[in-house]
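Listed here are the chains, written in short residue letters.
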Amino acid sequence: MKIGFIGLGIMGKPMAKNLINAGHQLVVLDLNKASVEELKGLGAETAASKVELASQCDVIITMLPNSPEVKEVVLGEGGIIEGAKPGTVVIDMSSIAPLASREIHAALREKGIELLDAPVSGGEPKAIDGTLAVMVGGNREVFDKHYDLLMDMAASVVYVGESGAGNVAKLCNQVVVAINISAVSEALTLAQKAGVDPDLVYQAIRGGLAGSTVMDAKAPMMMDRNFKPGFKIDLHIKDLNNVIDTSHGVGVPLPLTAQVMEIMQAIKLDGSGVEDHSSIVKFYEKLANTEVGRTATEEVKS
Ligand code: NAD
């Protein structure tokens, strides 16, 4: 069985590598030729076009920025739909609007092609480790057949419902992550300005109720002034746009998410759109005229 993989960015490249390590034969494609060459060096085949890739693969995974790119790659001129044979399964692991997933699925079904929307959480470190959390929407039988393949990139793969449900779960994930990063930023800025070492505060509270995966991933980045993405502010804004569109569509006001969205817009205007979303802390630092950093010289006793 050949697997096509389109989109070898921060996430897609390590995910594709894990599939190769698990013994799968991959055919890869990306606009970035250097990434394609890197995967070729690890044993992947390459394709001159999406049609050529699609015509020789039974499963095609996409890991692209947003709905427009996925629509273009799957349904656009020279897209997957033109090359794929009936029975092919497309697994879109990008985070896109649930409505877009449903539209793409409907168009593919007319040609006998199935789609799973299978976005991920965990960021680059878990993509590298192969320990992502995958949330999947689509046909249950198709999901069951591809569970093992998804587990080759993940620590957990959960079926959440029909087409689009995977991306609804991902939007919920992005709400929790965005608000949680803001909460960590607010707290560490408070510690800094109150004259208590933010690192000691972090060490003191991370084992209690305030602790979280987000805190463990992002607090050290904030204190180390390491804003290399990771997950770019620009992509999180994209997700929150999808969140707000979807929530208004179904009639759910999201006041906290709306606030964090505006914070991210301010960060972007300051030129940090391509930085990691931990750079939300800079917004709070500007308000409080301070900078979060480690100040302790002693080792933490716990
Ligand atoms: P990225 O920008 O690093 O990678 C996207 C890749 O898609 C790039 O290599 C780009 O060249 C390629 N691409 C774009 N348009 C293309 C086209 N038309 N044809 C072929 N290739 C094309 O993005 P990323 O961080 O890897 O994110 C990918 C998806 O995963 C996004 O939907 C993102 O929201 C989601 N996601 C990212 C993270 C993270 O921490 N980075 C975590 C979870 C989910």
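Residues numbered from 1 in each chain as written. Predicted model: local features only at pLDDT ≥ 70, side-chain atom pairs only at ≥ 80, totals over all residues. Heavy atoms only, no water.

### Thoughts on the site of the ligand
Okay, so step 1: Taken together, the neighbourhood of the ligand is formed by 23 residues, with Ile10, Met11, Asp30, Pro65 and Lys238 sitting nearest.
Okay, so step 2: Within the backbone of Ser95, an N or O atom sits 3.0 Å from an oxygen atom of the ligand.
Okay, so step 3: Its residues assigned to classes, the shell around the ligand comprises 12 nonpolar, 6 polar and 5 charged. (Near = heavy atom within 4 Å. Polar contact = N/O pair within 3.5 Å; in protein donor to acceptor, adjacent residues only side chain to side chain. Nonpolar A, V, L, I, M, F, W, Y, C, P; charged D, E, K, R; others polar.)

### Concerning helix α1 (residues 12-21)
Each turn of an α-helix holds 3.6 residues, which means side chains three or four residues apart point in the same direction.
Okay, so step 1: Judged by how many residues are buried, α1 sits mostly within the fold: 7 of 10 residues are covered.
Okay, so step 2: Those residues of α1 that fall on the buried side of the exposure criterion are Gly12, Pro14, Met15, Ala16, Asn18, Leu19 and Ile20.
Okay, so step 3: Where α1 terminates, the next one or two residues include Gly23, which has phi positive at roughly 100 degrees. (Buried < 20%, exposed > 50% of the residue type's maximum accessible area, 1.4 Å probe, protein only. Helix = DSSP H or I, 4+ residues; strand = E, 2+ residues; numbered from the N terminus.)

### Some details on the pairing of strand β6 (residues 114-117)
Okay, so step 1: Burial along β6 is two-sided: Glu114 and Leu116 and Leu115 and Asp117, pointing in opposite directions, are all buried.
Okay, so step 2: Bridge analysis of strand β5 (residues 89-92) against β6 gives 4 bridges, and the strand direction is parallel. Following the sheet pairing, Asp92 is matched in β6 by Asp117.
Okay, so step 3: For the crossover that starts at β5, traverses helix α6 (residues 98-109) and ends in the parallel β6, the hand is right-handed. (Pairing = 2+ DSSP bridges. Right-handed = clockwise from strand over helix to strand, strands pointing away.)

### Some thoughts on the packing of aromatic side chains
By convention here, two paired aromatic rings are described through the distance between centres and the angle between planes.
Okay, so step 1: A complete count under the given rule lists 3 aromatic pairs for this structure.
Okay, so step 2: With a centroid separation of 6.0 Å and 70 degrees between ring planes, the pair formed by Phe143 and Tyr147 is classed as edge-to-face. Taken together, the positions of Phe143 and Tyr147, both in helix α8 (residues 140-151) and 4 residues apart, correspond to about one turn of that helix.
Okay, so step 3: Residue Phe143 is classed as buried on the basis of its relative accessible area of 3%.
Okay, so step 4: Look at Tyr147 and you get partly exposed, because its relative accessible area is 32%. (Phe/Tyr/Trp six-rings, centres within 6.5 Å; stacked < 30°, edge-to-face > 60°.)

### Concerning unusual backbone geometry
Okay, so step 1: In this model, Pro229 is joined to Gly230 through a cis peptide bond whose omega is 25 degrees.
Okay, so step 2: Residue position: Gly230 is located in the loop between α11 (213-223) and α12 (233-250).
Okay, so step 3: If you check the backbone angles, Arg225 has positive phi at about 55 degrees while not being a glycine.
Okay, so step 4: Tracing the chain through its elements places Arg225 in the loop between α11 and α12.
Okay, so step 5: Residues other than glycine seldom take positive phi values, yet Asn289 does so here, at roughly 50 degrees.
Okay, so step 6: Looking at where Asn289 falls in the secondary structure, it is placed in the segment after α14 (281-288).

### Examining the environment of Met135
Okay, so step 1: Checked against the element boundaries, Met135 lands in strand β8 (residues 132-137).
Okay, so step 2: Look at Met135 and you get buried, because its relative accessible area is 10%.
Okay, so step 3: Spatially, the C-alpha atoms of Met135 and Val158 are 5.1 Å apart, while their sequence positions differ by 23 residues.

### Considering the domain arrangement of the protein
Okay, so step 1: Taken domain by domain, the protein holds domain 1 (2-162) and domain 2 (169-288).
Okay, so step 2: Measuring from the centre of the C-alpha atoms in domain 1 to the corresponding centre in domain 2 gives 28 Å.
Okay, so step 3: Counting residues at the interface gives 13 residues for domain 1 and 12 residues for domain 2.
Okay, so step 4: Contact with domain 2 buries area across many residues of domain 1, yet Ile10, Ser95 and Met135 alone supply 37% of it, more than any other trio. (Domains from an automatic or database assignment. Contact = heavy atoms within 4.5 Å. Buried area = accessible area lost by both parts, 1.4 Å probe.)

### Looking at the packing of helix α9 (residues 165-193) against helix α13 (residues 255-272)
Okay, so step 1: Contact geometry of α9 with α13 gives a least axis separation of 10 Å together with a crossing angle of 65 degrees. What the angle tells us is that α9 and α13 run roughly perpendicular. Crossing angle aside, the handedness with which α9 passes α13 is left-handed. Taken together, the residues of α13 that come into contact with α9 (itself represented by Val175, Ala178, Ile179 and Ser182) are Leu256, Thr257, Val260 and Met264.
Okay, so step 2: The residue inventory of the contact of α9 with α13, partitioned by class, reads 6 nonpolar, 2 polar and no charged. (Axes fitted to C-alpha atoms, helices over the stretch in contact; angles between N-to-C directions. Parallel < 35°, antiparallel > 145°, perpendicular 65-115°, else oblique. Left-handed = near helix turned anticlockwise from the far one by under 90°.)

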